[in-house]
Amino acid sequence: MERVNKMQRPEEFDRRVMAYLPALKKLARKLANTNDERDELVQDTLAYVFGAWRNFRGDPSEPKNGMYNWLTLNMRSIAQGKRRVAANARKNMPIQDDTVLMGMSTPARQENITYANQVVRRLSHSRDGRMLVRIGGGELLRDVAAKRGIGGERVRQLTERARARLVKTTKVAA
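Thresholds, definitions, all that
- Residues numbered from 1 in each chain as written.
- Predicted model: local features only at pLDDT ≥ 70, side-chain atom pairs only at ≥ 80, totals over all residues.
- Heavy atoms only, no water.
- Helix = DSSP H or I, 4+ residues; strand = E, 2+ residues; numbered from the N terminus.
- Buried < 20%, exposed > 50% of the residue type's maximum accessible area, 1.4 Å probe, protein only.
- Core = buried A, V, L, I, M, F, W, Y, C linked by side-chain atoms within 4.5 Å.
- Contact = heavy atoms within 4.5 Å.
- Polar contact = N/O pair within 3.5 Å; in protein donor to acceptor, adjacent residues only side chain to side chain.
- Salt bridge = Lys/Arg side-chain N within 4 Å of Asp/Glu carboxyl O.

Engineer: Can you help me understand the environment of G152 in this one?
Structural biologist: When you line up the elements, G152 lands in helix α9 (residues 152-173). Classification of G152 by relative accessible area gives partly exposed; the value is 31%. Between the C-alpha atoms of G152 and L141, which are 11 residues apart in sequence, the distance is 5.7 Å.

Engineer: Would you take a moment to explain the nonpolar core for this structure?
Structural biologist: Inside soluble globular proteins, nonpolar side chains tend to come together where they are buried. Core analysis: the biggest nonpolar cluster contains 20 residues, and F13, V17, L41, L46, L71 and M75 have the highest contact counts within it. The element best represented in this core is helix α4 (residues 67-91), accounting for 6 residues. Ignoring anything within four residues of it in the chain, the contact list for L41 reads A28, L31, M75, I78, A79 and K82. Grouped together as the second largest cluster of nonpolar side chains are 6 residues, M131, V144, V155 and L158 included.

Engineer: Help me understand the environment of T159 in this model?
Structural biologist: Locating T159 in the fold gives a position in helix α9. Taking the relative accessible area as the measure of exposure, T159 reaches 2% and is therefore buried. Sequence separation of T159 and M131 is 28 residues, and the distance between their C-alpha atoms is 6.3 Å. Non-local contacts of T159, meaning those with residues more than four positions away in its chain, are made with D128, M131, L132 and I135. A distance of 3.0 Å separates the side chain of T159 from the backbone oxygen of R156, its partner in a polar contact.

Engineer: Whenever I open this one, the pattern of salt bridges confuses me. Can you help?
Structural biologist: Charged atoms that come close allow side chains of opposite charge to pair. On inspection of all chains with the given rule, the structure shows 11 salt bridges. The salt bridge involving E12 is made with R15; its shortest N-O contact spans 3.1 Å. Taken together, the residues E12 and R15, both in helix α1 (residues 11-19) and 3 residues apart, mark about one turn of the helix. Residue E12 is classed as partly exposed on the basis of its relative accessible area, which comes to 26%. Its salt-bridge partner being D128, residue R161 comes within 3.1 Å of it at the nearest N-O pair. One end of the pair, R161, is in helix α9; the other, D128, is in helix α7 (residues 127-136), and 33 residues separate them in sequence. According to the relative accessible area criterion, R161 is partly exposed, its value standing at 48%. The exposure class of D128 is buried, given its relative accessible area of 3%.

What follows is the structure, encoded as structure tokens:
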């Protein structure tokens, strides 16, 4: 009778796990999006089950021992953990300070700034244009309407007319 060290993983366990490798790869195709993620999921699962072989409660030499269920349960658990980590990373992503963001952005072209100023100045010559500028600045229709003493629907109509006039003049200029 051969003595087996309880700390040493049986070779039969390794053979049975590797026999299920095609099934694990197939399941990984369902659980991960890219080929790299799939390969990583299979490798992480194998690393886990080889490290946690003592948790397997069946006899690896028997065909109906539940090994497939144990392997897929572990793979699904690992995949869920990866999704949770990714979701938390997106949710808790640190906010960059403005100086870093300003260094990454491209500077505005002077011609575009000048053109935008001209458009705002041109809109400011009419009542509906001034309302459109205020709404463009973030004010709500009801706030502009209250300041003007008119209804919100009338403000919407006037700003719509100013937009149409603006589109018409920018098409001619282009």
